[in-house]
Amino acid sequence: MLLLLAVPGLVYFLVFHYGALFGNVLAFMNYIPFLGIQGSEWVGLAHFERMFADPEFWNAVTNTLFIALLQLVFFFPAPLALALLLHSIVGDTVRKFVQSVVYLPHFLSWVIVLALFQQMLGGAGVVNGWLSDLGAGGISIIGNPDAYGPLVVAQLVWKECGWATIIFLAALSQVDEQQYEAAAIDGAGWGRRLWHVTLPAIRPVIVLLLVLRLGEFLSIGFEQFFLQRQSVGPETGEVLETFVYFTAFAGGDFGYAAAVGLFKGVIGIVLIYTANKVAHRLGEQGVYKA
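The paragraphs below set out a description of the structure included in this document. (Residues numbered from 1 in each chain as written. Predicted model: local features only at pLDDT ≥ 70, side-chain atom pairs only at ≥ 80, totals over all residues. Heavy atoms only, no water.)

## Some remarks on the overall build of the protein chain
Secondary structure assignment for the protein chain yields 15 helices and two strands. When each of the 290 residues of the protein chain is scored for burial, the buried share is 37%. In the protein chain, 64% of the contacts between residues at least 6 apart in sequence involve partners at least 24 apart. Accessible surface, the protein chain as shown: approximately 17200 Å² in total, 69% of it carbon and sulfur. Across the protein chain, 13 positive and 19 negative side-chain charges occur, with their mean positions spaced 10 Å apart. (Helix = DSSP H or I, 4+ residues; strand = E, 2+ residues; numbered from the N terminus. Buried < 20%, exposed > 50% of the residue type's maximum accessible area, 1.4 Å probe, protein only. Contact = heavy atoms within 4.5 Å. Areas by Shrake-Rupley, 256 points an atom, 1.4 Å probe, with all protein chains shown as cover. Lys, Arg positive; Asp, Glu negative; His and termini not counted. Charge placed at Lys NZ, Arg CZ, Asp CG, Glu CD.)

## Comments concerning the nonpolar core
By size, the foremost hydrophobic cluster in this structure holds 28 residues, and its most contacted members are Met-51, Phe-57, Ile-67, Phe-225, Leu-240 and Val-260. Breaking this core down by element, the ones donating at least two residues are helix H3 (46-52), helix H4 (55-75), helix H9 (148-172), helix H12 (223-232), helix H14 (240-250) and helix H15 (254-281). The contact partners of Met-51, leaving out residues within four places of it in the chain, are Phe-57, Trp-58, Tyr-256, Ala-259, Val-260 and Phe-263. Formed by 23 residues, the second largest nonpolar core is a distinct cluster that contains Ala-78, Ala-171, Ala-188 and Val-197. (Core = buried A, V, L, I, M, F, W, Y, C linked by side-chain atoms within 4.5 Å.)

## Quick word on the pattern of salt bridges
The full count for this structure, using the stated rule, is four salt bridges. Here Asp-92 and Arg-95 are joined by a salt bridge, their closest N and O atoms 3.2 Å apart. In this pair, Asp-92 and Arg-95 are both assigned in helix H6 (residues 92-103), three residues apart and thus about one turn of the helix distant. Assessed through its relative accessible area of 48%, Asp-92 is described here as partly exposed. Two residues, Arg-229 and Glu-238, come together in a salt bridge whose shortest N-O distance is 2.9 Å. (Salt bridge = Lys/Arg side-chain N within 4 Å of Asp/Glu carboxyl O.)

## Observations concerning the environment of Val-207
Positionally, Val-207 belongs in helix H11 (residues 190-215). Judged by relative accessible area, which is 15%, Val-207 ranks as buried. Between the C-alpha atoms of Val-207 and Asn-276, which are 69 residues apart in sequence, the distance is 8.9 Å. When sequence neighbours within four positions are dropped, the list of residues in contact with Val-207 reads Ala-279 and Glu-284.

## Considerations on the packing of aromatic side chains
Per the counting criterion, the structure on display carries 22 aromatic pairs. Ring geometry for Tyr-12 versus Phe-13: centroids 5.2 Å apart, planes at 80°, classification edge-to-face. On the basis of relative accessibility, which here comes to 40%, the residue Phe-13 falls in the partly exposed class. When the centroid spacing of 5.9 Å and the interplanar angle of 85° are considered together, the rings of Phe-52 and Phe-263 count as edge-to-face. (Phe/Tyr/Trp six-rings, centres within 6.5 Å; stacked < 30°, edge-to-face > 60°.)

## Regarding the environment of Val-270
With respect to the secondary-structure elements, Val-270 resides in helix H15. Along the sequence, Val-270 and Val-260 sit ten residues apart, while their C-alpha atoms lie 16 Å from each other.

## Comments concerning the layout of surface pockets
The space that makes up the largest pocket amounts to roughly 1200 Å³. Lining the largest pocket are 26 residues, with His-17, Leu-21, Gly-261, Lys-264 and Gly-265 positioned closest to its centre. Listed by contribution, the elements that provide at least two residues to the lining of the largest pocket are helix H1 (2-18), H14 and H15. Of the residues forming the lining of the largest pocket, the biggest block, eleven residues, is contributed by H15. Its residues assigned to classes, the lining of the largest pocket comprises 17 nonpolar, seven polar and two charged. The space that makes up the second largest pocket amounts to roughly 630 Å³. (1 Å grid on protein atoms, 1.4 Å probe; cavity = no way out; pocket = protein on both sides within 12 Å on 5 of 7 lines; lining within 4 Å. Points joined across faces, edges and corners; volume = space filled by probe spheres on them. Nonpolar A, V, L, I, M, F, W, Y, C, P; charged D, E, K, R; others polar.)

## Topic: H14
What sets the pattern is the α-helix's 3.6 residues per turn: residues three or four places apart point alike. Every buried residue belonging to H14 is among Leu-240, Glu-241, Thr-242, Phe-243, Thr-247 and Ala-248, and all of these are buried. Buried residues belonging to H14 abut H4, H12, helix H13 (234-237) and H15. Taken from the residues just after H14, Gly-252 is the one with a positive phi, measuring 75°.

## Let's talk about the packing of H6 against H9
Where H6 contacts H9, the axes come no closer than 7 Å and their chain directions differ by 130°. In this view, H6 runs oblique relative to H9, as classed from their interaxial angle. In this structure, H6 contributes Gln-99, Val-102 and Tyr-103 to the contact, and H9 contributes Gly-162, Trp-163, Thr-165, Ile-166 and Leu-169. Residues belonging to the contact of H6 with H9 are distributed by class as follows: five nonpolar, three polar and no charged. (Axes fitted to C-alpha atoms, helices over the stretch in contact; angles between N-to-C directions. Parallel < 35°, antiparallel > 145°, perpendicular 65-115°, else oblique.)

## Quick word on the environment of Gly-261
Note that Gly-261 resides in helix H15. Judged by its relative accessible area of 29%, Gly-261 falls in the partly exposed class. Sequence separation of Gly-261 and Arg-281 is 20 residues, and the distance between their C-alpha atoms is 31 Å.

This is how it looks when you write it as structure tokens:
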């Protein structure tokens, strides 16, 4: 029965992930949808040569790397910190209530989330309204290219931080309570119990999630950036996902877009393989054993 329940998920991955790999052949063709794969011209590595000489591509890479680094530094540890805080709440009723509140933003679409941020931080938003009432000048956050990177990370933290705590909370629930009691008897305070008991116990989970995150380092999202791209302009708001979309569907250059997507996938494979090797050197299992 359990194997039968797993069939829909297996079919999904076979069709939309493994089956879609055959579409990478478009990266080596001047693909025209009306002619199909068999009727389109084979161009070999021409798209990759064009890609490495394209300043717009490198602009998208630079923006993606900058935002990915911000996400890694500020978003990745945020769910862990929140999970530790929730785990420290003694009352079950209070903990469940707080968990329900922090989970809620995950179920909101990016359209709603960005509308809320616009109402708060936009030119006619609540923050500028308060500043005007106090006699201070307004601040420009929404649509400001200099604030774009921190802004999109703040949006991601607000929307997904609570949902991302689920795995950390599951790991924390497996920590032996007797270790806390023994550490407390030995005079260890909250900080030492955290450093010597909690973090070592959940380190395998932290390493696993870090390896997986590095594998998706260049996949920072699409909808969030697609909806805000025009507000700051392509020079600041263009990332690899939006670059592929506009190249393929707005420009009709499907072969070149496929080449960029293939490049991003290869970099992801290299990153996850390297991070997994580092995890093995640190004594952790990582994603897989090899």
